[in-house]
Amino acid sequence: MASLLELKEIFRNADAVCFDVDSTVIKEEGIDELAKFCGVGDAVAEMTRRAMGGSVTFKAALTARLGLIRPSWEQVQKLISEHPPQLTPGIRELVSRLHQRGIQVFLISGGFQSIVEHVALQVNIPTTNVFANRLKFYFNGEYAGFDETQPTAESGGKGKVISHLKEQFHFKKVVMIGDGATDMEACPPADCFIGFGGNVIRKQVKEKAKWYITHFDELLKELEER
Ligand SMILES: [Mg+2]
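Residues numbered from 1 in each chain as written. Predicted model: local features only at pLDDT ≥ 70, side-chain atom pairs only at ≥ 80, totals over all residues.

In the nomenclature of an unreviewed UniProt entry, the protein corresponds to Phosphoserine phosphatase from the organism Pelodiscus sinensis. Check the Cofactor (unreviewed entry) section of the UniProt entry for the protein; it says "Mg(2+)". Check the Sequence similarities (unreviewed entry) section of the UniProt entry for the protein; it says "Belongs to the HAD-like hydrolase superfamily. SerB family." (UniProt positions renumbered as here; feature names shortened; annotations may be inferred.)

Here's what the structure looks like:
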């Protein structure tokens, strides 16, 4: 097991850095915001709470919540324009610094492609570097389910995406940054996990992560020291 010093070394010399999105790159949870916007915020929040402690798979929990929200194409577009996701302080600077160093940056999210792409554009990450779930709609814009074949629709999906990136781009050192247990579980295959508690602190992650931060400035400093 790598020590904190070794993890910092990996971060400084990474080939790629992957960020979780909900409660990491943005302040909120995308699906909760979508639920609120569609008028079923409380019911979905209750479902999330129940799912967290239980043995429900990620896909089953997502199916149940989306079945309740049933977002139309128009509602998703309206959410993005009227209630855009709020960026976490320092994320823009951190991504820009990583790019300057020639490090590739990816967003890996259990949230939805259209919303995450909007976030990516704001932090100058190419949309080809976004891995997220895809909502499906009928011709008239009504909700038609989601693409169940995406790796991010499964439990353990973030790790699968990282393995795929390592294979495709021959990355040696990949860093995963996020607030949640599913982010921590993506390491390995990620070589370093950085727990992020700037928006919400997940007790289990804070206790288990060797490297835990509450502001992105801590990572900016890490990149400036040498
Ligand atoms: Mg998250």
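Undergrad: Would you explain the overall build of the protein in this entry?
TA: Helices and strands together make up the secondary structure of the protein, namely 12 helices and 8 strands. On C-alpha atoms alone, the protein measures out to a radius of gyration of 17 Å, which is about the 17 Å that the 2.2 N^0.38 rule sets for 226 residues. In terms of its C-alpha atoms, the protein occupies a principal-axis envelope of roughly 55 × 35 × 30 Å. Looking at the protein residue by residue over its 226 residues, the buried ones come to 38%. Summarising the internal contacts of the protein: among those between residues at least 6 apart in sequence, 61% fall at separations of at least 24. (Helix = DSSP H or I, 4+ residues; strand = E, 2+ residues; numbered from the N terminus. Rg over C-alpha atoms; globule rule 2.2 N^0.38 Å. Buried ≥ 20, exposed ≤ 12 C-beta atoms within 10 Å, placed from the backbone. Contact = placed C-beta atoms within 7 Å.)

Undergrad: Can you walk me through the UniProt feature "active site" (unreviewed entry) in the protein in this structure?
TA: The UniProt record marks Asp-20 and Asp-22 with the feature "active site" (unreviewed entry), using the residue numbering of this structure. Here Asp-20 shows up in the loop between β1 (16-19) and α2 (21-25). When the 24 C-beta atoms within 10 Å are taken as the criterion, Asp-20 is described as buried. For Asp-20, the residues in contact, after removing those within four places along its chain, are Ile-108, Ser-109, Ile-177, Gly-178, Asp-179, Gly-180 and Asp-183. With respect to the secondary-structure elements, Asp-22 resides in helix α2. Setting aside residues up to four positions removed in sequence, Asp-22 forms contacts with Glu-28, Glu-29, Gly-30, Ser-109 and Gly-111.

Undergrad: Even after reading the chapter, I still don't get the pairing of strand β3 (residues 130-133), so can you show me in this structure?
TA: On any regular strand, side chains alternate: one points to one face of the sheet, the next to the other face. With 3 bridges joining them, strand β2 (residues 104-112) and β3 adopt parallel strand pairing. Counterpart to Ile-108 in the pairing with β3 is Phe-131. Chirality of the crossover, the property in question, places the unit of β2, helix α8 (residues 113-122) and β3 among those that are right-handed. (Pairing = 2+ DSSP bridges. Right-handed = clockwise from strand over helix to strand, strands pointing away.)

Undergrad: So what exactly am I meant to see when it comes to the nonpolar core here?
TA: General note: in soluble globular proteins, nonpolar side chains tend to be found buried as a group. Cys-18, Leu-107, Val-175 and Met-176 are the most contacted members of the largest nonpolar core, which totals 58 residues. Discounting chain neighbours no more than four positions away, the residues touching Cys-18 are Phe-106, Ile-108, Ile-162, Val-174, Val-175 and Met-176. (Core = buried A, V, L, I, M, F, W, Y, C linked by C-beta atoms within 7 Å.)

Undergrad: Help me out: how do you make sense of the sheet that holds β2 in this one?
TA: Across a sheet, strands are paired by hydrogen bonds formed along the backbone, either parallel or antiparallel in direction. Read from one edge to the other, the open sheet built from 6 strands follows the order β3-β2-β1-β6-β7-β8, with strand pairing classed as parallel. Sheet topology places β3 and β8 (212-213) at the edges, where each strand pairs with a single neighbour. Both β1 and β2 contribute to a ladder of 4 bridges, which runs parallel. Directly across from Cys-18, in β2, lies its bridge partner Phe-106.

Undergrad: I tried to follow helix α7 (residues 91-100) on my own but got confused; where do I start?
TA: Note that an α-helix has 3.6 residues per turn; residues three or four places apart therefore point the same way. What α7 keeps buried is the set Ile-91, Leu-94, Val-95 and Leu-98. Axial view of α7: buried residues confined to an arc of 95 degrees, hence all on one face. Just downstream of α7 lies Gly-102, where phi reads positive at about 80 degrees. (Arc of directions from axis to C-beta.)

Undergrad: Just to check I follow, could you spell out unusual backbone geometry for this structure?
TA: With the exception of glycine, most residues fall at negative phi, and the peptide bonds are largely trans. Here the residue pair Cys-187 and Pro-188 is connected by a cis peptide bond, since its omega of -5 degrees sits within 30 degrees of zero. Note on placement: Pro-188 falls in the loop between α10 (181-184) and β7 (192-196). Cis peptide bonds are those with omega within 30 degrees of zero, and the linkage from Pro-188 to Pro-189 qualifies with 10 degrees. Here Pro-189 is to be found in the loop between α10 and β7. For Ser-23, which is not glycine, the phi torsion reads 65 degrees and is therefore positive.

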